[in-house]
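Spelled out from the first residue to the last, the chains are:
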Amino acid sequence: MASSSPLFYRYSPQFPDHRNTNCTNYNNLTSSSSSNSCSPSSYSSYPSNFCNRRRRNCNSAAFSAGSKIIWKHKNIRAQAMSTSNGNLSSQRGIVDFEDEPDHLLVLVHGILASPSDWTYFESELKRRLGKKFLIYASSCNMYTKTFTGIDGAGKRLADEVVQVVKKAENLKKISFLAHSLGGLFARNAVSVLYSSNVSSNKGLIAGLEAINFITLATPHLGVRGNRQLPFLLGVSFLEKIAAPIAPVFTGRTGSQLFLTDGKPNKPPLLLRMASDCEDGKFISALGAFKCRVLYANVSYDHMVGWRTSSIRRENELFKPPRRSLDGYKHVVDVEYYPPVLSESPRFPPEAAKAKEAAQNEPSVQNTVQYHEIIEEEMIHGLQRLGWKKVDVSFHSAFWPFFAHNNIHVKNEWFHNAGAGVVAHVADTIKQQDSSSTYISASL
């Protein structure tokens, strides 16, 4: 593979070629440290029963909810916790400049979904984060629009974010929180919104300081077979026909998820999104964020498997703890993965040959061979950035098989087992908003 020429722009970050393998004690999110961040240096210890694994967590704090304001401008529906000149007004018509939101938090839903999926999550974020956040649930890719391709959905999301930023003049920061397929839409969108910042080493997203990029059960490595698409149940026949029939039901998005999009000699979109290439500065855009966090279901998620949502190799999976972290039910493990020096993703001749076989003669063997090559290349690209990985287990929930929707509480009545995850996400966002330290990135 090393002998083939890279199809991507050269991208050569400098950092140690290792992962932190030392066993370190960490603390609950209730740490009182004043310099918390997603970088490993600012975490203390968890309870002793978690000392056998590396964990990184953020500081928790609770804020009383501010006044609830609804901003409506044409097709844009944003919910803010404060007032803003001209666009947002309080019930009393009073503008308090100190309370104006300066941090935009964009919520991105998944496949065949809508902004209503965030109803519970959004209300909890508003209650916990306070007045400085403008929380916006994206509506540009609702329902069947999610079938039109990850790249097309990403561009629509980017255009939508630009319009929101134009209408809120006091914004200084931006974060993304995405569920499932929405995480891939967000990754594509931030590459469109990315711009270099000549005054610092960090780029900007939509002209704003990038703080958090958080995904919940997102198939970052695509989907294939029983390992990453569990609802196929390991049935060979279903695994064989899944890739070729995916576009019939899910359009361009389906072929992109199965890595079979495009001509045989062209890298699939998700591989291109693991590098800086002519299609966009995908890695530079992700690297602009202070903190990148992956929430992944370790089991019972029949849509997105643990490995693809946590960007891990098969041999990096482990038996997860069964006990939840204090105060965050069903959150069982938090681990920081520092950046790893690796070659830029490549699309070698053997990958092109395997892709052609997977397209023309679909079989379990052909699909597995092709995906193993491409997944390893994607990991090479994505591991050039530091990630905090949060493992979630609903094994003790009343309805564990709803894990994919539990993780973001799609419905407060049926999926409320994920309330602890919501609290953990809110505290992570809160902590990073006040932190000045960046998680390590390959920039």
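All values reported here derive from a predicted model rather than from experimental measurement.

Asks: Can you walk me through the environment of Gly152 in this structure?
Replies: Residue placement: Gly152 occurs in helix H2 (residues 150-167). Assessed through its relative accessible area of 21%, Gly152 is described here as partly exposed. A sequence separation of 100 residues divides Gly152 from Arg252, and the C-alpha atoms of the two residues are 9.5 Å apart.

Asks: Would you mind going over a nonpolar patch on the surface with me for this structure?
Replies: Residues Phe398, Trp399, Phe401, Phe402, Trp413 and Phe414 make up a contiguous nonpolar surface patch of about 810 Å² in total accessible area. With respect to the helices and strands, Phe402 occurs in the loop between strand S13 (387-392) and helix H11 (403-406).

Asks: Please explain the nonpolar core as it appears in this structure.
Replies: The tendency in soluble globular proteins is for nonpolar side chains to be buried as a group. Ranked by internal contacts, the top residues of the largest apolar core, which has 62 residues, are Leu104, Ile150, Leu157, Val161, Phe176, Ile205 and Ile374. Here this core gets 7 residues from one element, more than from any other, and that element is H2. Discounting chain neighbours no more than four positions away, the residues touching Leu157 are Val106, Val108, Ser138, Cys140, Asn141, Phe176, Phe185, Ala186 and Ala189. Of all hydrophobic cores here, the second largest spans 35 residues; its members include Leu105, Tyr120, Ile135 and Ala137.

Asks: Looking at this structure, how should I read the pattern of salt bridges?
Replies: Pairs can form between side chains of opposite charge once their charged atoms are near each other. The tally for this structure, following the rule as stated, stands at 13 salt bridges. With a shortest N-O distance of 2.4 Å, Asp279 and Arg272 are connected by a salt bridge. For Asp279, a relative accessible area of 41% gives the class partly exposed. Between Glu335 and Arg312 there is a salt bridge, with its nearest N and O atoms 3.8 Å apart. With Glu335 in strand S12 (residues 331-337) and Arg312 in the loop between helix H8 (306-310) and S12, this pair connects stretches of sequence that are 23 residues apart. Residue classification places Glu335 among the buried residues on the basis of a relative accessible area of 0%. Among the charged side chains, a salt-bridge network with shared partners connects Glu124, Arg127 and Arg128.

Asks: What is the right way to look at the environment of Ser310 in this model?
Replies: Mapped onto the fold, Ser310 is located in helix H8. On the basis of relative accessible area, Ser310 is assigned to the buried category, the value being 0%. With 81 residues separating them along the chain, Ser310 and Asp391 place their C-alpha atoms 8.1 Å apart. Residues contacting Ser310, with those up to four places away along its chain left out, are Leu294, Ala296 and Lys389. At 3.1 Å, the side chain of Ser310 and the side chain of Arg312 are in polar contact.

Asks: I keep staring at the side chain of His179 and nothing clicks. Help me out?
Replies: Looking at the secondary structure, you find His179 in strand S5 (residues 173-179). In this structure His179 touches Val108, His109, Gly110, Trp118, Leu216, Thr218, His404, Asn405, Ile407 and His408, once residues within four positions along its chain are discounted.

Asks: Help me understand the pairing of S5 in this model?
Replies: Within a regular strand, the side chains alternate between the two sheet faces. Among the 7 residues in S5, 7 count as buried, and that is most of the element. Side chains of S5 alternate between two faces, with Lys173, Ser175, Leu177 and His179 and Ile174, Phe176 and Ala178 buried alike. Pairing geometry for strand S3 (residues 103-108) and S5, over 6 bridges, is parallel. Considered in S5, the bridge of Leu107 is made with Leu177. Examined bridge by bridge, S5 and strand S8 (residues 208-216) share 6 bridges and lie parallel to one another.

Asks: Honestly, the packing of aromatic side chains in this entry has me stumped. Any pointers?
Replies: The relative placement of two aromatic rings is captured by the distance of their centres and the angle of their planes. Evaluated as defined, the whole model comprises 9 aromatic pairs. Centroid distance Phe176 to Phe289: 6.2 Å. Interplanar angle 80°. Geometry classified as edge-to-face. Of this pair, Phe176 sits in strand S5 while Phe289 sits in the loop between helix H7 (282-287) and strand S11 (291-297); the two residues are 113 residues apart in sequence, bridging distant segments of the chain. Note on accessibility: Phe176 and Phe289 belong to one class, buried. When the centroid spacing of 5.4 Å and the interplanar angle of 70° are considered together, the rings of Trp306 and Phe318 count as edge-to-face.

Asks: So what exactly am I meant to see when it comes to the environment of Leu317 here?
Replies: Here Leu317 is to be found in the loop between H8 and S12. You can call Leu317 partly exposed: its relative accessible area is 27%. As a C-alpha pair, Leu317 and Val298 span 19 residues in sequence and 9.2 Å in three-dimensional space.

Reading the values: the criteria
- Residues numbered from 1 in each chain as written.
- Predicted model: local features only at pLDDT ≥ 70, side-chain atom pairs only at ≥ 80, totals over all residues.
- Heavy atoms only, no water.
- Helix = DSSP H or I, 4+ residues; strand = E, 2+ residues; numbered from the N terminus.
- Buried < 20%, exposed > 50% of the residue type's maximum accessible area, 1.4 Å probe, protein only.
- Patch = residues over 30% accessible without salt bridge, like charges linked within 9 Å, V, L, I, M, F, W, Y side chains within 5 Å.
- Areas by Shrake-Rupley, 256 points an atom, 1.4 Å probe, with all protein chains shown as cover.
- Salt bridge = Lys/Arg side-chain N within 4 Å of Asp/Glu carboxyl O.
- Core = buried A, V, L, I, M, F, W, Y, C linked by side-chain atoms within 4.5 Å.
- Contact = heavy atoms within 4.5 Å.
- Polar contact = N/O pair within 3.5 Å; in protein donor to acceptor, adjacent residues only side chain to side chain.
- Pairing = 2+ DSSP bridges.
- Phe/Tyr/Trp six-rings, centres within 6.5 Å; stacked < 30°, edge-to-face > 60°.

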